[in-house]
Amino acid sequence: MSNTLKGAAAIVGVGTAGLGEAPGFNAMDIQALAVRAALEDAGLSLADVDGLFCANMSHTFPAISTIEYLGIAPRWIDGTNTGGSSFVAHAMSAAMALQAGLCDVALICYGATMRTGAGRMVPAAEQPTYEIPHQPRYPMTAYAMAAARHMAQFGTTREHLAEVALAARAWAQLNPDAFERGDLTMEDVLSSRMVLEPLTLRDCCLLTDGAGAVVMTRPDRARDLAQKPAYFLGGGVASYNRAISEMPDLTTTAAKDSGARAYAMAGLGPADMNVLQLYDAFTINVILFLEDLGFCPKGEGGAFVSGGHIAPGGGLPVNTNGGGLSFTHPGMYGIFTLIEATRQLRGEAGARQIPDAETVLCHGNGITLSHQATAILGSENTL
Amino acid sequence: MTASPDRPGPPPTGPDQQFQAHVADGRLWLQTCQDCGSAIFMPRILCPHCHSLSLQWAPASGLGTVYTRSVLHRRPKPGDDRPTEHAIILVDLDEGPRIMSRLPDTPAADIRIGMRVRARIAGEDGARVVLFDPEESKT
């Protein structure tokens, strides 16, 4: 039964809007522009959308507010909010809803304007009761604690973390839409301001405005639309805890399980993945996910990313858009992993295109390493 | 047994209030599962390991080991006289559970992963918290 969703749906349209700074606009405004762009990309219209998948941190009821703003009346609505991983999980939920006939055109969308709005990362209103008295800085404290533990347990170094930031910047320099495209050196990262030890400013993702949207349909319809479909091959989610203090092992995330579930559904393994899109809220995330998703043994992620191995020209392309570290990070990033994966599979990624990309692994991380979602997408040849 | 809202008798309180009442009295107590023996934190109405409702409060040793740490480096602002470094730790209590806390009297640079620590209750009435001190420096 584990393969029933493989090939059940495909991404047929992607769009972005308001990347970087969108002064004077709100989250719903730029989200609507991204939705329009994604539907236009697919050759569909808002009138075709009958399934909605949506999460954010600005609205208590994101899906309902989105329905109202867009003027749509979908017959299937999923507002599951697991943090920044939501949209990667939504890809699997959308495949399920499409296969079940609950909808025919599924829209996944997100928008936020924290940079020009609040001017800071706006954390969730409710935080863990027994952590708050100690004044953690969410979400950074949690990731700094994971990094510190990984360093103590496996000898991971600040240089290892910096390699992730350097790779992201090198990819961003190939992406005209990236927010940070200036030159960045190892020395720049190591000497940047210490924010939350052991993480410096350059170990932390950007805070931008931005919106993204993804349109999915069943394969029969996908083949008749404007773009080359990016097929859903497998997905998985996993979560054990909300608070970082409740996480069983800060050096092993639930990506170990979400990834295993996605590989099982796709009938593929790490060696079959041509390109990775890993939610890089902080440099340590990429090291953790490379380990937990099976690209290197536990504890060896630091050595794995060294020498530009995940940068342009390296052995394994990771975060080819520049990631949350250098491309864009409007509070929740997950949807941008799906968008970049689709562009790579279509072969339309310009200077950063990976030749003959047939499979892309997308991985979303939610809250403070609290929820993990993996989705594997592939070209028609992989079905 | 943990109070149940369905039992007759004096007004019951939930696990959060019971934990805080112990802390307010200067004690670190943990729930222990009467079925699987696990010590539990954060306080809950059921055991997260075996899902039993049979939990009883018991004194904790207060001893633990620093599992990890992070240090916020604040940019000094006019009128802000807080220390520029704010260290937070996760402690693995000897009984098993992990707890977020601080070593308020230990310079951040001296906080090592793996160091032994001992709990104390600190703070004003109504706002008491569980903090830690290094255990190794004592004889």
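Keep in mind it's a predicted model, so treat the numbers as computed, not measured.

## Notes on the packing of helix H5 (residues 158–172) of chain A against helix H9 (residues 283–292) of chain A
Residue and element names in this part refer to chain A.
(1) Moving on: Where H5 contacts H9, the axes come no closer than 8 Å and their chain directions differ by 95°. The orientation of H5 with respect to H9, classified from their angle, is roughly perpendicular. On the side of H5, the interface is formed by His 160, Leu 161, Val 164 and Ala 165, while H9 contributes Thr 283, Ile 284, Val 286 and Ile 287.

## Concerning the UniProt feature "domain: Thiolase C-terminal" (unreviewed entry) in chain A
(1) Moving on: According to UniProt, the feature "domain: Thiolase C-terminal" (unreviewed entry) maps to residues 236–378 of chain A in the numbering used here.
(2) Moving on: Here residues 236–378 of chain A runs as 31% helix and 17% strand, with 16 Å between its end C-alpha atoms.

## A look at the pattern of salt bridges
(1) Moving on: The full count for this structure, using the stated rule, is 22 salt bridges over all chains.
(2) Moving on: A salt bridge links Glu 246 of chain A to Arg 44 of chain B, with the nearest nitrogen and oxygen atoms 2.7 Å apart. Here Glu 246 of chain A is found in the loop between strand S8 (230–239) and helix H8 (255–266), whereas its partner Arg 44 of chain B is found in the loop between strand S2 (39–40) and strand S3 (55–59) on a different chain.
(3) Moving on: Between Lys 298 of chain A and Asp 292 of chain A there is a salt bridge whose closest N-O contact spans 2.7 Å.
(4) Moving on: On the basis of relative accessibility, which here comes to 7%, the residue Asp 292 of chain A falls in the buried class.

## Quick word on the packing of helix H3 (residues 86–99) of chain A against helix H12 (residues 334–346) of chain A
Residues and elements named next belong to chain A.
(1) Moving on: Between H3 and H12, the least distance of the axes is 5 Å, while the angle of their chain directions is 60°. Classified by the angle between their axes, H3 and H12 sit oblique to one another. Contacts between H3 and H12 pair Phe 87, Val 88 and Ala 91 from the former with Gly 334, Ile 335, Thr 337 and Leu 338 from the latter.
(2) Moving on: Taken together, the residues that form the contact of H3 with H12 break down as five nonpolar, two polar and no charged.

## Looking at the domain arrangement of chain B
Residue and element names in this part refer to chain B.
(1) Moving on: Under the domain assignment, chain B is made up of domain 1 (15–59) and domain 2 (63–134).
(2) Moving on: Inter-centroid distance (C-alpha atoms) of domain 1 to domain 2 is 22 Å.
(3) Moving on: Regarding the contact of domain 1 and domain 2, the summed buried area is about 800 Å², with carbon and sulfur atoms giving 77% of it.
(4) Moving on: Considering only the surface of domain 1 that becomes buried against domain 2, Val 23, Leu 28 and Phe 41 emerge as the three largest contributors, covering 54% of it.

Parameters at a glance
- Residues numbered from 1 in each chain as written.
- Chains lettered and ligands numbered in written order.
- Predicted model: local features only at pLDDT ≥ 70, side-chain atom pairs only at ≥ 80, totals over all residues.
- Heavy atoms only, no water.
- Axes fitted to C-alpha atoms, helices over the stretch in contact; angles between N-to-C directions.
- Helix = DSSP H or I, 4+ residues; strand = E, 2+ residues; numbered from the N terminus.
- Parallel < 35°, antiparallel > 145°, perpendicular 65-115°, else oblique.
- Contact = heavy atoms within 4.5 Å.
- UniProt positions renumbered as here; feature names shortened; annotations may be inferred.
- Salt bridge = Lys/Arg side-chain N within 4 Å of Asp/Glu carboxyl O.
- Buried < 20%, exposed > 50% of the residue type's maximum accessible area, 1.4 Å probe, protein only.
- Nonpolar A, V, L, I, M, F, W, Y, C, P; charged D, E, K, R; others polar.
- Domains from an automatic or database assignment.
- Buried area = accessible area lost by both parts, 1.4 Å probe.

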